[in-house]
Amino acid sequence: MIDNKPRSTAPQQTAPQQIHKPSRAGLISLVVGLIVLGVKFWGYALTNSQVVLSDALESIVNVIASGVALFALRYAATPPDQKHPYGHGKGEFFSAAFEGGLIVFASVMIIADSTRALILGHELRAIDFGMLIVIVAGTLNLMLALYLLRVGRMAGSASLEASGQHLLSDVWTTGASLVGLLVVRATGVSALDALLGIAAGAYLGIVGAKILRGSIGGLLDENNRDVLSSLAQAFNVVQHPGIIGVHGARIMRAGNYHYIDAHVIVPEFWDVQRSHDEVNAFERKAIEHYRYSGEIHFHIDPCRRDYCRKCILANCPVRQEEFSERIHHSLEEVSAKSSSKE
């Protein structure tokens, strides 16, 4: 097993700049969310628009979720301890799940309120000024969403990425608000405003469900194709003589720190000491090229002379075929539970 961070300290402690950026991003998200919330409710008070109200109600979710995410980011950075040997990184998935649930709840409330307005009717006011407010709010959310997605992907933060995805959906609903106001201004049919509010609520429900689904997958350590592809790419970059193949990879994600188990195939004539040393060297190089921080635990399997044509080891005393094909670790091969040739 090789860990690219000393195990005597928390993985997160060895990269303080990586902790600071997500926490700062979470704080910025909370502050900007409060500003946008105020702007949107001001717009609703002026226009009495259902689609603007739906946008404002979603911003309440943004603010609550930003507060929870900020707490989760700080908790996830807490070092491993005796009770939590794998650290506290999964706290981010709880934050993302909470945010996804809030979005779904907001979706239901928006659809219900817009349906009420559609049935009972409502009158819009100050549409021109309302559109200006909507544009300002949408621009702020777009800038914040792109920032959170960038920081979240760089830091491997599920919480920040969920917030960024949510804010992007908010930008779309803000765009729907603007379109709704334009249509009502052009036609004078206020019922269209309520119908667009219902559509915006339905869209939010879909986004919330996707975020909730992804966070639950992280909590249950569901295989993630993007993560496994990144691991396979790291193995492909590191062509280490004697490391013939890797399969059976399993990844437990704890925030941006990953615990990886896998099987590695080595020449059958290597003794325990050499297998240990060579595999450790391969692990160290692979984790350096992996997208996330983490550690790898390898189970060693003998080659049984079945992989000669893919083995780059020079002067192999048991080789039965000449080397002819450089091994390529695909997602399917890396994640396969076993090899048929073993």
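About the thresholds
- Residues numbered from 1 in each chain as written.
- Predicted model: local features only at pLDDT ≥ 70, side-chain atom pairs only at ≥ 80, totals over all residues.
- Heavy atoms only, no water.
- Core = buried A, V, L, I, M, F, W, Y, C linked by side-chain atoms within 4.5 Å.
- Buried < 20%, exposed > 50% of the residue type's maximum accessible area, 1.4 Å probe, protein only.
- Helix = DSSP H or I, 4+ residues; strand = E, 2+ residues; numbered from the N terminus.
- Contact = heavy atoms within 4.5 Å.
- Pairing = 2+ DSSP bridges.
- Salt bridge = Lys/Arg side-chain N within 4 Å of Asp/Glu carboxyl O.

Student: Give me the nonpolar core: which residues, what numbers.
Tutor: Counting residues in hydrophobic clusters, the biggest one holds 32 residues, and the most contacted among them are Leu-231, Phe-235, Tyr-290 and Phe-298. Of all the secondary-structure elements, those providing two or more residues to this core are helix H7 (225–237), strand S2 (245–254), strand S3 (257–266), helix H8 (272–288), strand S4 (293–302) and helix H9 (331–335). Looking at this core element by element, the count peaks at 6 residues for H7. The contacts of Phe-235, once residues within four sequence positions are left out, are Val-246, Phe-282, Ala-286, Ile-296, Phe-298, His-329 and Val-334.

Student: Can you break down the pairing of S3 residue by residue, with the values?
Tutor: Counting buried positions along S3 yields 8 of 10 residues, so the element is predominantly enclosed. Sheet topology places S2 next to S3; 8 bridges connect them, and they run antiparallel. Bridge assignment links Val-246 to a residue of S3, and that residue is Val-264. Remark: 2 residues form the turn of the hairpin made by S2 and S3, two consecutive strands paired antiparallel; Gly-255 in that turn has positive phi of roughly 70°. Note: S3 against S4, 10 bridges, orientation parallel. Bridging across to S4, Ile-260 finds its partner in Ile-296.

Student: Pulling in residues and values, what's your account of the pattern of salt bridges?
Tutor: Scanning the model with the defined rule gives 4 salt bridges in all. One salt bridge in this structure joins Glu-268 and Arg-305, with 3.2 Å as the shortest N-O distance. Here Glu-268, found in the loop between S3 and H8, pairs with Arg-305, found in the loop between S4 and H9; they are 37 residues apart in sequence, far enough to count as distant. Judged by its relative accessible area of 34%, Arg-305 falls in the partly exposed class. In this structure, Arg-274 and Glu-278 form a salt bridge, with 3.7 Å as the shortest nitrogen-oxygen distance. Note that Arg-274 and Glu-278 are positioned in helix H8 at a spacing of 4 residues, about one turn of the helix.

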